[in-house]
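Listed below, chain by chain, are the residues.
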Amino acid sequence: MFEYEMHQIRSAELIRQAEEHRRLRAARAARKARRAERSSSAMDAEGPVSTGGPHRTRFARTA
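Computed from a predicted structure; not experimentally measured.

What counts, and where the lines are drawn
- Residues numbered from 1 in each chain as written.
- Predicted model: local features only at pLDDT ≥ 70, side-chain atom pairs only at ≥ 80, totals over all residues.
- Heavy atoms only, no water.
- Helix = DSSP H or I, 4+ residues; strand = E, 2+ residues; numbered from the N terminus.
- Areas by Shrake-Rupley, 256 points an atom, 1.4 Å probe, with all protein chains shown as cover.
- Patch = residues over 30% accessible without salt bridge, like charges linked within 9 Å, V, L, I, M, F, W, Y side chains within 5 Å.
- Salt bridge = Lys/Arg side-chain N within 4 Å of Asp/Glu carboxyl O.
- Lys, Arg positive; Asp, Glu negative; His and termini not counted.
- Charge placed at Lys NZ, Arg CZ, Asp CG, Glu CD.

Trainee: Which parts of the structure should I look at to understand the overall build of the protein?
Mentor: Along its length, the protein carries one helix and zero strands. A total of about 6,800 Å² of accessible surface is found on the protein, and carbon and sulfur atoms cover 56% of it.

If you want it as structure tokens, here you go:
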């Protein structure tokens, strides 16, 4: 009888851990999806026009 009760307790614990693991995975996936949606909605259809980085001058250099 004692072994059966221990088995029931262990089984319930494993089921609880599995449920918690599934909830965490679902929360991470939802967070990742929201982050991807937010970053894609910030971009226009045209995308970034200027990188703001270094660029060449319009005029030729003088000697």
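So, next bit.
Trainee: Explain a nonpolar patch on the surface here, please?
Mentor: Nonpolar side chains collect at one region of the surface, where Phe-2, Met-6 and Ile-9 lie side by side and expose about 360 Å² of accessible area between them. Structurally, Ile-9 can be placed in helix 1 (residues 2-42).

Trainee: Just to check I follow, could you spell out a positive patch on the surface for this structure?
Mentor: Residues Arg-28, Arg-31, Lys-32, Arg-34, Arg-35 and Arg-38 make up a contiguous surface patch of positive charge. Looking at the element boundaries, Arg-34 is found in helix 1.

Trainee: When you look at the pattern of salt bridges in this model, what are you seeing that I'm missing?
Mentor: One side chain can pair with another of opposite charge once the charged atoms of both are near each other. Following the criterion strictly, the structure yields three salt bridges and no others. With a shortest N-O distance of 2.7 Å, Glu-13 and Arg-16 are connected by a salt bridge. Remark: Arg-16 and Glu-13 occur in helix 1; sequence separation between them is three residues, near one turn of the helix. For Arg-22, the salt bridge identified is with Glu-19, shortest N-O distance 3.1 Å. Linking Arg-22 with Glu-19, this pair stays in helix 1, spanning three residues, or about one helical turn. Sharing partners across several salt bridges, the network here consists of Glu-13, Arg-16 and Glu-20.

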